[in-house]
Amino acid sequence: MGEAQFLEKNQPIVFTQLQKSFEHGRLAHAYLFEGETGTGKHEASIWLAKHLFCTDLKDNQPCEQCNNCQRIQRNEHPDVQIVEPDGQTIKVDQIRKLQSEFATSGFETKQKVFIIKDSDKMNSSAANSLLKFLEEPVGLFLAILETDSVGRILPTIQSRCQILHFQPLSKELLQMKLKENGLGLQTAKLLSSLTNSFDKAVEISQNEWFNEARDSVQQWFNYLKKADPQAFIYVQKKLLKVFKEKTQQIESFSMLLFFYQELLLEKASGRSLKEIAEINQVIELILQAEQKLGTNVSFQSTAEQLALRIIYK
Ligand SMILES: [Zn+2]
């Protein structure tokens, strides 16, 4: 999928705003693209660069065919510079190199574009160097800073940029990206029910605790589904050992909720209304238990009561 289609579908607000600015010749000199990993910040940067250099715009969109579009796509265009962290940080030398290249006019055109990925990773001398550059621009350029944590960008830099917020990933897109990252469908679905951040989801999935937690709740769910009294004993036997912290305990209910919601989707096609109503009733009970845990009731008694209510409903 080209950048334009991706942005139009997933970031319609940003897409429209940039497209209009472009059409009216009102692009800012500097943009700060702010949003989680995978929300399309870099796609937007590349799309904007192609917009500026494309020699054959079609319906005001980059043609993707001309020499300029192709070179930008391959990251080989001399007037489009991309800076990314060298190790953990972006260093002052990287910004200085950029500046010296910009001091001469564009190689092929007057316009130049520079894109800084993970711009929150600039160390303070790099950030100050960039700030000076933004304050006293040399030549015609467009600066695009990408970040997933805008709070770590110097306020003085922020004030020189037009800030565009990228919306969080839809659950559907997050699941797709997690699958591309090698996770199974079920795990991708579970993770997307716990968070809407791609980075966070990957972090959770790599956590050993998460895998044990998921398996334990799955087992608990299997007992509950069959109204097996084991579900009650299992709370003390297993869950208390796995879910120790309050935040983990709340997560155990979120996971259980997930399994029941999946069951509901499964049953929704072809099973009886009575069964569906029963599952909805259980979902309601889980939500109540989750709320109770927010107060000072212990995890053990909440989980045991929940088990009893589900078994003997
Ligand atoms: Zn083109």
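What counts, and where the lines are drawn
Residues numbered from 1 in each chain as written. Predicted model: local features only at pLDDT ≥ 70, side-chain atom pairs only at ≥ 80, totals over all residues. Helix = DSSP H or I, 4+ residues; strand = E, 2+ residues; numbered from the N terminus. Rg over C-alpha atoms; globule rule 2.2 N^0.38 Å. Buried ≥ 20, exposed ≤ 12 C-beta atoms within 10 Å, placed from the backbone. Contact = placed C-beta atoms within 7 Å. Expected span 1.5 Å × (residues − 1). Arc of directions from axis to C-beta. Core = buried A, V, L, I, M, F, W, Y, C linked by C-beta atoms within 7 Å. Axes fitted to C-alpha atoms, helices over the stretch in contact; angles between N-to-C directions. Parallel < 35°, antiparallel > 145°, perpendicular 65-115°, else oblique. Left-handed = near helix turned anticlockwise from the far one by under 90°. Nonpolar A, V, L, I, M, F, W, Y, C, P; charged D, E, K, R; others polar. Pairing = 2+ DSSP bridges.

> Requested: an account of the overall build of the chain, with residues and values cited.
Regarding its fold elements, the chain presents 15 helices and 5 strands. Expected size for 313 residues packed as a compact globule is a radius of gyration near 20 Å; at 26 Å, the chain overshoots this value by more than 25%. The principal-axis extents of the C-alpha atoms in the chain amount to approximately 75 × 45 × 30 Å. A total of 313 residues make up the chain; the buried ones form 35% of that total. Contacts spanning at least 24 positions in sequence make up 70% of the contacts within the chain whose residues lie at least 6 apart.

> So what's going on with helix H9 (residues 185-194)? Which residues, and what values?
Taken as a whole, H9 has its buried residues at Ala188, Leu190, Leu191 and Ser192. Of the surrounding elements, those touching the buried residues of H9 are helix H8 (171-180), helix H10 (198-205), helix H11 (208-225) and helix H13 (246-268).

> Provide a residue-level description of helix H6 (residues 124-135), including the pertinent values.
For H6, built from 12 residues, the straight-helix expectation of 16 Å at 1.5 Å per residue is met to within 8% by its first-to-last C-alpha distance of 16 Å. Listed as buried for H6 are Ala126, Ala127, Leu130 and Phe133. For H6, the angular spread of buried residues about the axis comes to 120°, placing them on one side. Of the exposed residues in H6, the ones pointing more than 90 degrees away from its buried face are Ser124, Lys132 and Glu135. Next to the buried residues of H6 lie helix H5 (92-103) and helix H7 (155-158).

> Can you explain the nonpolar core? Please cite residues and give values.
Of all hydrophobic cores here, the largest spans 41 residues; its most connected members are Phe114, Ile144 and Leu145. For this core, the element with the highest residue contribution is helix H3 (residues 41-53), accounting for 6 residues. Among residues more than four places away in sequence, those in contact with Leu145 are Tyr31, Leu32, Phe33, Ile116, Ser119 and Cys161. Grouped together as the second largest cluster of nonpolar side chains are 34 residues, Leu190, Trp220, Val235 and Val282 included.

> So what about the packing of helix H12 (residues 230-242) against helix H15 (residues 299-311)? Which residues, and what values?
Relative orientation of the contacting elements H12 and H15 amounts to 150°, with a least axis distance of 8 Å. Between H12 and H15, the crossing angle belongs to the class labelled roughly antiparallel. The crossing of H12 and H15 is right-handed. On H15, the residues that touch Ala231, Phe232, Val235, Gln236, Leu239 and Leu240 of H12 are Gln300, Ala303, Glu304, Ala307, Leu308 and Ile311. Residue composition of the contact of H12 with H15, grouped by class: 9 nonpolar, 2 polar and 1 charged.

> Go over the sheet that holds strand E2 (residues 80-83) with me, naming the residues and quoting the values.
Read across the sheet, 5 strands follow the order E2-E3-E4-E1-E5 without closing on themselves; strand pairing throughout is parallel. Only two strands of the sheet have a single neighbouring strand rather than two, namely E2 and strand E5 (162-165). Strand after strand, the sheet turns through a mean of 15° between neighbouring axes, direction not considered. As paired elements, E2 and strand E3 (residues 111-116) share 4 bridges and run parallel to each other. Following the sheet pairing, Val83 is matched in E3 by Ile116.

> An account of the environment of Phe114 is requested, with residue identities and associated values reported.
Tracing the sequence through the fold places Phe114 in strand E3. With 33 residues separating them along the chain, Phe114 and Gln81 place their C-alpha atoms 4.7 Å apart. Aside from chain neighbours lying at most four places away, what touches Phe114 is Gln81, Val83, Leu98, Phe141 and Ala143.

> Got a sec to walk through unusual backbone geometry? Specific residues and values, please.
For Glu64, which is not a glycine, the phi torsion comes out positive at approximately 70°. As for its position among the elements, Glu64 is in the loop between H3 and helix H4 (67-73). Under the C-beta neighbour-count criterion, Glu64 is labelled partly exposed, with 16 such atoms within 10 Å. The backbone of Ala227 shows a phi angle near 55°, a positive value even though the residue is not glycine. Among the structural elements, Ala227 can be located in the loop between H11 and H12.

> Explain the environment of Asp79 residue by residue, including any values.
Of note, Asp79 is situated in the loop between H4 and E2. When the 23 C-beta atoms within 10 Å are taken as the criterion, Asp79 is described as buried. For the pair Asp79 and Lys110, spaced 31 residues apart in the sequence, the C-alpha separation amounts to 8.8 Å.

> I'd love a proper account of the pairing of strand E4 (residues 140-147), names of residues and values included.
Where burial is concerned, most of E4 is hidden: 7 out of the 8 residues are buried. In the sheet, E3 pairs with E4 via 6 bridges, with the strands oriented parallel. In the strand pairing of E4, Ile115 is matched with Ile144.

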